[in-house]
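Architecture and fold: a report
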Amino acid sequence: MRIGDVARRSGVSARMLRHYESLGLVRPTGRTGSGYREYSGEDIRRIFHIESLRSLGLSLREVGSALDDPGFAPAELVEDLVRGTRERIAAETSLLTRLLRIGAAEPADWEDVLQVVALLHGLGSESAGRRQRAALSSGEESAVPVEALVEAALTEADPHVAGALRWALAQSGGGEALPLLAEGLGSPAAEVRERAVRAVAEIADDEATALLHEALGDSDHGVRGHAAVALGLRGADEAVPALLDMVVAETNDVDAADALAALAARPGRAERIAAGLVARLAAEGADPAVRRRLAQALADIPGDTASHALESLAHDEDRGVALTAGYVRSLRETREGS
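**Digging into the overall build of the chain**
- Looking only at helices and strands, one finds 19 helices and 2 strands in the chain.
- Relative to its 338 residues, the chain shows a buried fraction of 40%.
- Counted over contacts in the chain with a minimum sequence separation of 6, partners at least 24 positions apart contribute 54%.
- Of the roughly 18,600 Å² of accessible surface on the chain, a fraction of 51% belongs to carbon and sulfur atoms.

**Thoughts on the side chain of arginine 269**
- In this fold, arginine 269 is placed in the loop between helix 15 (253-264) and helix 16 (270-283).
- Given the relative accessible area of 17%, arginine 269 is considered buried.
- When residues no more than four places from it in sequence are discounted, the contact partners of arginine 269 are Gly235, Asp237, Leu263 and Ala264.

**What about helix 8 (residues 146-155)?**
- Counting buried positions along helix 8 yields 7 of 10 residues, so the element is predominantly enclosed.
- Those residues of helix 8 not exposed but buried are Val146, Ala148, Leu149, Val150, Ala152, Ala153 and Leu154.

**Topic: empty space enclosed by the protein**
- Enumeration according to the criterion identifies 1 cavity of 30 Å³ or more in this entry.
- Approximately 30 Å³ is the volume found for the largest cavity.
- In terms of lining, the largest cavity is formed by Ala153, Glu156, Ala162, Arg166, Arg195 and Ala199.
- Elements supplying a minimum of two residues to the lining of the largest cavity: helix 9 (159-171) and helix 11 (190-201).
- Of the residues in the lining of the largest cavity, the class split is 3 nonpolar, no polar and 3 charged.

**Description of the pattern of salt bridges**
- Under the criterion given, the structure shown has 13 salt bridges.
- A salt bridge links aspartate 245 to arginine 280; the nearest nitrogen and oxygen atoms lie 2.7 Å apart. Of the two residues, aspartate 245 is situated in helix 14 (residues 240-249) and arginine 280 in helix 16; the sequence distance between them amounts to 35 residues.
- Judged by its relative accessible area of 40%, aspartate 245 falls in the partly exposed class.

**Points about the packing of helix 16 against helix 17 (residues 288-298)**
- Where helix 16 meets helix 17, the closest approach of the two axes is 10 Å, and the angle between their N-to-C directions is 170°. Here helix 16 lies roughly antiparallel to helix 17, going by the angle between them. In this structure, helix 16 contributes Ala274, Leu277, Arg280 and Leu281 to the contact, and helix 17 contributes Arg291, Leu294, Ala297 and Leu298.
- Taken together, the residues of the contact of helix 16 with helix 17 sort by class into 6 nonpolar, no polar and 2 charged.

**Quick word on unusual backbone geometry**
- Positioned with a positive phi, glutamate 250 is a non-glycine residue whose angle comes to about 60°.
- Its identity is not glycine, yet asparagine 252 carries a phi of approximately 50°, on the positive side.
- Given a relative accessible area of 33%, asparagine 252 falls into the partly exposed group.

**What to know about the nonpolar core**
- Counting residues in hydrophobic clusters, the biggest one holds 75 residues, and the most contacted among them are Leu181, Leu243, Leu260 and Leu277.
- Setting aside residues no more than four positions away along its own chain, leucine 181 makes contact with Val150, Leu154, Ala196, Ala199, Val200 and Ile203.
- Core analysis: the next-biggest nonpolar cluster, separate from the first, contains 19 residues, Ile3, Leu17, Val26 and Ile47 among them.

**With respect to the environment of glutamate 147**
- Locating glutamate 147 in the fold gives a position in helix 8.
- Among the residues examined, glutamate 147 registers a relative accessible area of 45% and is labelled partly exposed.
- The spacing of glutamate 147 and leucine 169 is 22 residues in sequence and 9.8 Å in space, taken between C-alpha atoms.

**Concerning helix 3 (residues 41-55)**
- Counted at 1.5 Å a residue, the expected span for helix 3 with its 15 residues is 21 Å, and the 21 Å between its end C-alpha atoms agrees.
- Within helix 3, the full set of buried residues consists of Asp43, Ile44, Ile47, Ile50 and Leu53.
- Glycine 57, located one to two residues past helix 3, shows a positive phi value of around 105°.

What counts, and at which threshold
- Residues numbered from 1 in each chain as written.
- Predicted model: local features only at pLDDT ≥ 70, side-chain atom pairs only at ≥ 80, totals over all residues.
- Heavy atoms only, no water.
- Helix = DSSP H or I, 4+ residues; strand = E, 2+ residues; numbered from the N terminus.
- Buried < 20%, exposed > 50% of the residue type's maximum accessible area, 1.4 Å probe, protein only.
- Contact = heavy atoms within 4.5 Å.
- Areas by Shrake-Rupley, 256 points an atom, 1.4 Å probe, with all protein chains shown as cover.
- 1 Å grid on protein atoms, 1.4 Å probe; cavity = no way out; pocket = protein on both sides within 12 Å on 5 of 7 lines; lining within 4 Å.
- Points joined across faces, edges and corners; volume = space filled by probe spheres on them.
- Nonpolar A, V, L, I, M, F, W, Y, C, P; charged D, E, K, R; others polar.
- Salt bridge = Lys/Arg side-chain N within 4 Å of Asp/Glu carboxyl O.
- Axes fitted to C-alpha atoms, helices over the stretch in contact; angles between N-to-C directions.
- Parallel < 35°, antiparallel > 145°, perpendicular 65-115°, else oblique.
- Core = buried A, V, L, I, M, F, W, Y, C linked by side-chain atoms within 4.5 Å.
- Expected span 1.5 Å × (residues − 1).

Here it is in structure tokens:
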């Protein structure tokens, strides 16, 4: 079969067939009496093999090596191709995301584009200091799309950078951020949910409060704890049981006690909260460490119930509990007398 016939049947141009021949990929088995290339059935099968391998993304050099290597392992080749393709997809996806975020910032000129690019690079830097500066700049200039800030906040492990990112999101007003943070609250990873709830806690609106109520039922105690503290500071009675649990378990117990005190300062709530703390004293009475923490939590709860509980604890059999309760009583008496 001559080269023209091969080109028509294979779909490979005569020019490309000559190129394959110049590279040694295909060698026609013979020539006609007039000197024309003559391709055999085996030659044509090799051409189809070349095209098939090229369609998988191999270079012509890699195609030749694969076809001429007697120890060629297709499984290894496919694995390498899969890995390379995933890397290219990841790179292209990253570029697309970056372009979409630049577009979302609605830059007015190239100076704005360069500013957004610089901030996005800063958020992705290996340097915690650069990430923190980028986050703070984002909050001040509102140049970085909220989506990028949320993604950074949900993945940031450095506490200082994370704090700056939460501040930047709060500065954004929360409107665009909250639906994205809600997705973070649905993550299977507890650390992501905890980062999400901490970001939500710094946004002061009704939608954020509703998300905090949902997080109060989370299976992870860290997520529940951050939600409970935030809700307590917002005056939500539903947070009280979780806050009491935190004091007993010594899980962020200082913040939990502060939230209980904030709730107790609202009309009609002090006695109920004091009663809850007293009930925990009865349940956990065998553990002096728990009694000390409960005594400390009673310090800023006004009313007779808290005062009577502290008076009883001032005579506790454990010296540490008694000293703590006595000190707290003296502080309360000082405040009430001033």
